[in-house]
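Architecture at a glance
Each chain, written out:
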Amino acid sequence: MTDRPHRPTRRAVLAGAGLGLLASAPLGIGPASAAKKKTRSAKPAEPEVDGTLLPIPRLVDLVDGETFDLVAEAATHAFLKDKPVAVVGYGGGYMGPALRLKRGTKPKVRLTNRLARPTNVHWHGLLVAGRSDGGTHPGVAPGATWETELAVDQPAATLWYHAHVHGRTAQDVHDGLCGLMLIEDETSAGLGLPSAWGVDDIPLVLQDRTFDAAGRPVRAPTPTTVEHGLLGATMIVNGVADAVARVPARLVRLRLLNATGARNFRLFFEDQRSFRLIATDAGLVAEPIELTRLVLAPGERAEILVDFAEGAATLFTAPDPHEHRAGAQTTLLPDVVDAPVKVVAFEPVKDERPSAVVPATLAELPAPPRSTSGLKRRRFELRVRPNPAMVAQVGAHDHHAMSHGSTTNGQIALDGGMTASSEPPVLLTINGKPFAMGRIDEKVPLGATEVWEIVSPDMSHPFHVHGAHFRVLSEDGDKPKSWNRGLKDTVLVENSAEILVTFTRPAGSDAPFLYHCHLLEHEDGGMMGAFTVE
Ligand code: C2O
Ligand code: CU
Ligand code: CU
């Protein structure tokens, strides 16, 4: 099936089923190679592509009342052609299957931990009670399992799931502990959008990596990467570098997920063609939004429609230098790439099916209210500052930082070969405090709608809220960017943003929700808070 990833046969899909492999692993690792041989002998081979055919994650439908087994375990995977390396994932491959859930159902998921370290799983964007969600806990010990029911009641959307153990999230997601999650509902199913998985409805999990000579992704945090996030020079899509997707020469839906630790993708097609944004993080937008570029920060998703009747196209991302502001001074931390980099190439193939048409309207999404006076407001100030203790000497204030905020940095330090000092090189805080396990920072009444103001004086941060969706009211005092007009759960805050959040799911102090920066080194380093909804 390597030859024809754009049209997975039922057999091909079943060949991967139960093994947790990507449905069309293009590199002949494991059982996929058997299916490959069969397909090859049955059909004349299509011309070789210049690159690696885009693998498509296996799609699994979760069934009402039934239990799906999600197994976190080690696997082998080749990011670079013919260079298989050790990775982790769910079900035997790099990353996990795409889990599809229907609105109105209550499937169960059982997470089994076959790793040597504790794990958990967070349903990013899913509206469920805190106890059904992995926040910083419950930790699932090696060999243990954790089961929960997911009561699905929210609009169709592209979500994702990932490990969320405090202090380890960047490393775990880098290693492969993440996957897509799709919500379906009747309204979206009636729109006639392209919806054949891997054919004209194509998931693109975007990541960046730095590889060693053996093809192993390396991750070596330093004080600078804790401060600004770790960027990789090679873009990988669905786990492979130099990806080429064969697509039908008609309207195609791309589901984009930024699953990097720190890169803000600044996406555009090299021929500058326009495309239509149809969904943001948490669901369809009111009507398609025509764009020629799209910024996608860590944690964010977008669905776009691209017309490949217009011919072949390559998706690029522009460099993402991080600006660091300190008072009047602005320093620029350059990206590891200094020119646009290829993300994925699309090769259209003629097929007999008629093209879908772009719907004029997509969803009922009322404009946010003009006036929000009378609503409860909360303010969150996200700061990145050098740790004064690294300059001055340990005092009472530093003791506070050590006991509350720096154990996680200590862990990064040990993993990444930094000094094992318990002093973090930078202080990552929200409202002056680094995250502390067990501390509840905010208490929100169940059913409340509030205005949250997020301020980021030092640099931009992708701010994310668990267990709730929001609308962006303003960005830097202005109206939201065109790609931030839909339902969101993560927003890139350049200087400031106001969001209107509705809290419809409960979370007690035993399993609180979290808000945090989704730049994963920042999250791990303490730029996170916990809140209850009750
Ligand atoms: Cu995707 Cu708490 O995060
Ligand atoms: Cu989340
Ligand atoms: Cu941040």
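The rules behind these values
Residues numbered from 1 in each chain as written. Chains lettered and ligands numbered in written order. Predicted model: local features only at pLDDT ≥ 70, side-chain atom pairs only at ≥ 80, totals over all residues. Heavy atoms only, no water. Phe/Tyr/Trp six-rings, centres within 6.5 Å; stacked < 30°, edge-to-face > 60°. Helix = DSSP H or I, 4+ residues; strand = E, 2+ residues; numbered from the N terminus. Buried < 20%, exposed > 50% of the residue type's maximum accessible area, 1.4 Å probe, protein only. Lys NZ or Arg CZ within 6 Å of the ring centre and 35° of its normal. Donors = N, O, S within 2.8 Å, 3.2 Å for Na, K, Ca; no water. Core = buried A, V, L, I, M, F, W, Y, C linked by side-chain atoms within 4.5 Å. Contact = heavy atoms within 4.5 Å. 1 Å grid on protein atoms, 1.4 Å probe; cavity = no way out; pocket = protein on both sides within 12 Å on 5 of 7 lines; lining within 4 Å. Points joined across faces, edges and corners; volume = space filled by probe spheres on them. Pairing = 2+ DSSP bridges. Axes fitted to C-alpha atoms, helices over the stretch in contact; angles between N-to-C directions. Salt bridge = Lys/Arg side-chain N within 4 Å of Asp/Glu carboxyl O. Polar contact = N/O pair within 3.5 Å; in protein donor to acceptor, adjacent residues only side chain to side chain.

**With respect to the packing of aromatic side chains**
- Enumeration over the complete set of coordinates arrives at 18 aromatic pairs.
- Centre to centre, the rings of Phe269 and Phe346 are 6.2 Å apart; their planes meet at 55 degrees, and the pair counts as tilted. Highlighted residues: Phe269 in strand β16 (residues 265-269) and Phe346 in strand β24 (residues 341-349), separated in sequence by 77 residues. We note that Phe269, like Phe346, is buried.
- Following the ring pairs from residue to residue traces out a cluster consisting of Phe380, Trp452, Phe463, Phe503, Phe513, Tyr515 and Phe531.
- Taking the ring centre of Phe269 as reference, the NZ or CZ of Arg273 above it sits at 6.0 Å.

**Quick look at the coordination of the copper ion (ligand 3)**
- Binding of the copper ion (ligand 3) to the protein goes through His461 (ND1), Cys517 (SG) and His522 (ND1), at separations of 2.0 to 2.1 Å.
- What makes Cys517 buried here is its relative accessible area of 0%.

**A few points about the nonpolar core**
- Judged by nonpolar contacts, the single largest core of 67 residues is most densely connected at Leu204, Leu206, Leu254, Leu256, Val343, Val344 and Phe346.
- Looking at which element gives the most residues to this core, the answer is strand β15 (residues 251-258), with five residues.
- Every residue in contact with Val344, bar those within four places of it in the chain, is listed here: Leu204, Val237, Ala243, Ala245, Ala313, Thr314 and Leu315.

**Comments concerning empty space enclosed by the protein**
- A complete count under the given rule lists ten cavities of 30 Å³ or more for this structure.
- Here the largest cavity defines a volume of roughly 140 Å³.
- His174, Asp208, Arg209, Leu230 and Gly261 are the residues nearest the centre of the largest cavity, which is lined by 16 residues in total.
- Contributions of two or more residues to the lining of the largest cavity are made by α3 (169-175), β11 (201-209) and α9 (520-525).

**Regarding the coordination of the copper ion (ligand 2)**
- Distances from the copper ion (ligand 2) to its protein donors, His122 (NE2) and His464 (NE2), fall within 1.8 to 1.9 Å. A residue pair is termed long-range when its members are at least 10 positions apart, and His122 in strand β7 (residues 122-124) and His464 in strand β29 (residues 461-465) qualify at 342 residues. Note on accessibility: His122 and His464 belong to one class, buried.

**Notes on the pairing of strand β33 (residues 513-517)**
- β33 sits mainly inside the fold: five of its five residues count as buried.
- Here β33 shows two buried faces, one formed by Phe513, Tyr515 and Cys517 and the other by Leu514 and His516.
- The sheet contact formed by β29 and β33 spans three bridges and is antiparallel. Its bridge partner being in β33, Val465 is matched across the sheet by Tyr515.
- As judged from the four bridges shared by β33 and strand β34 (residues 528-533), these two strands associate in the antiparallel manner. When the bridges of β34 are listed, His516 appears paired with Met528.

**Considering the sheet that holds strand β32 (residues 496-502)**
- One open sheet accounts for five strands, arranged β26-β25-β28-β32-β30; its pairing is mixed. Two strands bound the open sheet, and with one partner strand each, they are β26 (426-430) and β30 (469-475). Geometrically, the sheet is characterised by an average inter-axis angle of 20 degrees between neighbouring strands, direction not taken into account.
- Bridging between β30 and β32 involves six bridges; their strand directions are antiparallel. Its bridge partner being in β32, Arg471 is matched across the sheet by Leu500.

**Quick look at the pattern of salt bridges**
- Applying the stated criterion across every chain, the model contains 40 salt bridges.
- As a salt-bridge pair, Glu290 and Arg276 come within 3.8 Å of each other at their nearest N and O atoms. Of the two residues, Glu290 sits in strand β18 (residues 283-291) while Arg276 sits in strand β17 (residues 275-280), which places them 14 residues apart along the sequence.
- When its relative accessible area of 52% is taken as the criterion, Glu290 is described as exposed.
- Given a relative accessible area of 30%, Arg276 falls into the partly exposed group.
- Each of the salt bridges in this network shares a partner with another, and the network as a whole consists of Asp281, Glu300, Arg301, Lys488 and Asp489.

**Some points on the sheet that holds β24**
- On the basis of which strands lie adjacent, the open sheet formed by six strands has the order β1-β14-β24-β21-β16-β19 and mixed pairing. Two strands lie at the open edges of the sheet, namely β1 (52-53) and β19 (293-296), each paired on one side alone.
- Summarising the sheet, strand β14 (residues 243-248) and β24 pair through six bridges and their orientation is parallel. Note that in β24 the partner of Val247 across the bridge is Pro348.

**Comments concerning the side chain of Asn258**
- Position of Asn258 relative to the elements: it lies in strand β15.
- Overall, Asn258 belongs to the buried group, its relative accessible area being 0%.
- A polar contact is formed between the side chain of Asn258 and the backbone oxygen of Ala297, at a distance of 3.4 Å.
- What Asn258 contacts, discounting residues up to four positions off in sequence, is Trp160, Leu206, Arg263, Asn264, Phe265, Leu296, Ala297, Pro298, Gly299 and Glu300.

**Focus: the layout of surface pockets**
- Looking at the largest pocket, its volume works out to about 470 Å³.
- Taken together, 26 residues make up the lining of the largest pocket; nearest its centre are Pro155, Ala282, Leu365, His469 and Leu487.
- Those elements that provide at least two residues to the lining of the largest pocket are α4 (186-189), β18, β30 and β32.
- Computed from the structure, the second largest pocket encloses a volume of approximately 410 Å³.
- Along its surface, the second largest pocket is lined by 19 residues, and Pro368, Arg471, Val472, Pro480 and Arg485 are the ones closest to its centre.

**Quick look at the pairing of β11**
- The element β11 is largely enclosed, with a buried count of nine among its nine residues.
- Of the two faces of β11, the one lined by Asp201, Pro203, Val205, Gln207 and Arg209 and the one lined by Ile202, Leu204, Leu206 and Asp208 are each fully buried.
- By the bridge criterion, six bridges tie β11 to β15 in an arrangement that is parallel. Bridged to Leu206 within β15 is Asn258.
- Examined bridge by bridge, β11 and strand β12 (residues 234-237) share four bridges and lie antiparallel to one another. The residue of β12 that forms the bridge with Gln207 is Ile236.

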